[in-house]
Amino acid sequence: MPASSVAAIPAAASADAARHFAARLSFETDCADVHATMLSGLVDFVLLDVRGANAYARSHVPGALNLPNREITEERMGAWSESALFVVYCAGPHCNGADKAALRLAELGRPVKLMIGGMTGWADEGFPFAYGAEPGTLVSSAA
């Protein structure tokens, strides 16, 4: 019996798979982990919404700061310690703005992860949004 299209190419060796998935997790996080961390109050990253100011004001992830890609400069990043971890997001999987921001931050020597799914992923999880020009907080927006 021929193998299915799933099994036609054998799975990677476990050690190779472990390296691969560990590497992926060093580049990205997901909406649920960001949400849980923000609710815990032990936030150890800076969440950046890299969309434009108008999109941010319409809605954004509570607690996120708005820093559009074009404004990510060495001077602007000087507001944070060199070791600060940045988590970036944009509109969603159809948008590469977060990838561009992550690249820029990495080029500036900053630790960075992408929040996969962006605004679309956040909405799909059913998490609340903040509105306006201020970051807001997850606790107040859920109340």
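Before any of the text, the structure's been laid out above.
All figures in this text were calculated on a predicted structure; none of them were measured in a lab. (Residues numbered from 1 in each chain as written. Predicted model: local features only at pLDDT ≥ 70, side-chain atom pairs only at ≥ 80, totals over all residues. Heavy atoms only, no water.)

**Looking at the pairing of strand 4 (residues 86-89)**
Condition: Remark: exposure states derive from per-residue accessible area (1.4 Å probe, protein chains only) relative to the maximum for the residue type, with buried under 20%, exposed over 50%, and partly exposed in between. Starting at the N terminus, helices and strands are each numbered in turn, a helix being any DSSP run of H or I of at least four residues and a strand any DSSP run of E of at least two. If DSSP finds at least two bridges between two strands, the strands pair. Crossover handedness is defined here as right-handed if the route from the first strand over the helix to the second strand goes clockwise, with the strands pointing away from the viewer.
Of the two faces of strand 4, the one carrying Phe-86 and Val-88 and the one carrying Val-87 and Tyr-89 are both buried. In terms of strand pairing, strand 2 (residues 46-49) meets strand 4 through 4 bridges, oriented parallel. Among the inter-strand pairings, Leu-48 is bridged to a residue of strand 4, identified as Val-88. Once you follow strand 4 into helix 5 (residues 97-107) and on to strand 5 (residues 112-116), the crossover reads as right-handed.

**Quick look at the nonpolar core**
Cut-off, in case you're wondering: Residues belong to one nonpolar core when they are buried, are Ala, Val, Leu, Ile, Met, Phe, Trp, Tyr or Cys, and are joined through side-chain atoms within 4.5 Å. The contact criterion used is simple: two residues touch if any of their non-hydrogen atoms lie within 4.5 Å.
Leu-48, Val-50, Ile-72, Met-77, Phe-86, Val-88 and Leu-105 are the most contacted members of the largest nonpolar core, which has 17 residues in total. Here this core takes 4 residues from helix 5, the largest share from any one element. Dropping the residues within four chain positions of it, Leu-105 is found in contact with Leu-48, Ile-72, Met-77, Phe-86, Val-88, Arg-110 and Val-112. In this structure, Cys-31, Phe-45, Leu-47 and Trp-122 belong to the second largest nonpolar core, which totals 15 residues.

**Some remarks on the packing of aromatic side chains**
Inclusion rule: Within 6.5 Å between ring centres, the rings of Phe, Tyr and Trp (the latter by its six-membered ring) count as paired, and their orientation is classed by plane angle as stacked under 30 degrees, edge-to-face over 60, tilted in between.
One pass over the full model with this rule turns up 2 aromatic pairs. A centroid spacing of 5.3 Å and a plane angle of 85 degrees characterise the contact between Trp-80 and Phe-86, whose relative ring orientation is edge-to-face.

**Describing the pattern of salt bridges**
To keep things clear, this is the line we draw: A pairing counts as a salt bridge when a side-chain nitrogen of Lys or Arg comes within 4 Å of a carboxyl oxygen of Asp or Glu.
Enumeration over the complete set of coordinates arrives at 6 salt bridges. A salt bridge links Arg-51 to Asp-49; the nearest nitrogen and oxygen atoms lie 2.7 Å apart. Between Glu-82 and Arg-110 there is a salt bridge whose closest N-O contact spans 3.9 Å. Taken together, the positions of Glu-82 in the loop between helix 4 (74-77) and strand 4 and Arg-110 in the loop between helix 5 and strand 5 put the pair 28 residues apart, joining distant regions of the chain. For Arg-110, a relative accessible area of 6% translates into the label buried.

**Details of the pairing of strand 5**
Pairing between strand 1 (residues 28-30) and strand 5: 3 bridges, direction parallel. From the neighbouring strand, Glu-28 faces strand 5, where its bridge partner is Leu-114.

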